Amino acid sequence: MKLEHVMNIPCANLEEGWKKSKRRHQTVVEIMAEGILALKKESGDRFDPSINYFLDRFYTSRIAIRVLISNHLVLFGPEVECPGHCGIIDPTMDVHNIIDDAASGAKYLCNYYYGDCPNIEINTYSKKR
């Protein structure tokens, strides 16, 4: 959704605009993946490594925007908030376990496809209340 579209949405319709935007962009990941596969097939070994940089930034931005929209819809829209959550945020979530699980999955895939994987060290810091 372009900024000028957002700026022209009346406040009363903002939540509906966000919901439409989320629905409209549901298939972006699949479309991008198909495009990258086609590009790799066509370019072969000449695949430009700067595309990885672009994709990292693209998907990071996309995730951030979807998190903000989802959180806004839960806080201010008709979507129901889970008990104990602040919007979509679970303050009791164990971030270390989630990261450890993701790292284990990444290590498995690296070992499966490449026969080796880098060591992963996870350091977490939290303030005790």
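Residues numbered from 1 in each chain as written. Predicted model: local features only at pLDDT ≥ 70, side-chain atom pairs only at ≥ 80, totals over all residues. Heavy atoms only, no water.

Visitor: Any chance you could explain the packing of helix α2 (residues 14-24) against helix α4 (residues 50-76) here in plain terms?
Guide: Helix packing geometry: the angle between the two helix axes and the distance between the axes. Packing of α2 against α4 leaves a shortest axis separation of 10 Å and a crossing angle of 140°. Viewed along their axes, α2 and α4 adopt a mutual orientation that is oblique. When you trace α2 past α4, the crossing you get is left-handed. Listed contacts from α4 to Leu14, Glu15, Trp18, Lys19 and Lys22 of α2 are Arg66, Ile69, Ser70, His72, Leu73 and Phe76. The residue inventory of the contact of α2 with α4, partitioned by class, reads five nonpolar, two polar and four charged. (Axes fitted to C-alpha atoms, helices over the stretch in contact; angles between N-to-C directions. Helix = DSSP H or I, 4+ residues; strand = E, 2+ residues; numbered from the N terminus. Parallel < 35°, antiparallel > 145°, perpendicular 65-115°, else oblique. Left-handed = near helix turned anticlockwise from the far one by under 90°. Contact = heavy atoms within 4.5 Å. Nonpolar A, V, L, I, M, F, W, Y, C, P; charged D, E, K, R; others polar.)

Visitor: Honestly, the state of the cysteines in this entry has me stumped. Any pointers?
Guide: One covalent bond between the sulfur atoms of two cysteine residues makes up a disulfide. Applying the stated rule across the entire model yields zero disulfides. Between Cys110, a cysteine without a disulfide, and Cys117, which holds the nearest cysteine sulfur, the sulfur-to-sulfur distance is 6.0 Å. With relative accessibility at 18%, the residue Cys117 sits in the buried group. (Disulfide = S-S within 2.5 Å. Buried < 20%, exposed > 50% of the residue type's maximum accessible area, 1.4 Å probe, protein only.)

Visitor: Teacher, can you tell me more about the packing of aromatic side chains here?
Guide: What describes a pair of aromatic rings is the distance from one ring centre to the other and the angle between the planes of the rings. Overall, the coordinates contain four aromatic pairs when judged by the stated rule. Aromatic side chains Phe54 and Phe58 sit 5.9 Å apart centroid to centroid with 25° between the ring planes, which places their arrangement in the stacked category. Here the residue Phe54 and the residue Phe58 both occupy positions in helix α4, the gap between them amounting to four residues, near one helical turn. For Phe54, a relative accessible area of 46% translates into the label partly exposed. A relative accessible area of 26% places Phe58 in the partly exposed class. Plain terms: the ring middles of Tyr108 and Tyr112 are 6.2 Å apart, the flat faces sit at 20° to each other, and that makes the pair stacked. Taken together, the residues Tyr108 and Tyr112, both in helix α5 (residues 95-114) and four residues apart, mark about one turn of the helix. With a relative accessible area of 54%, Tyr108 lands in the exposed category. Each member of the aromatic cluster is reached from another via a ring pair, and the members are Phe54, Phe58 and Tyr59. (Phe/Tyr/Trp six-rings, centres within 6.5 Å; stacked < 30°, edge-to-face > 60°.)

Geometric descriptors of this kind do not, in isolation, establish any biological role.
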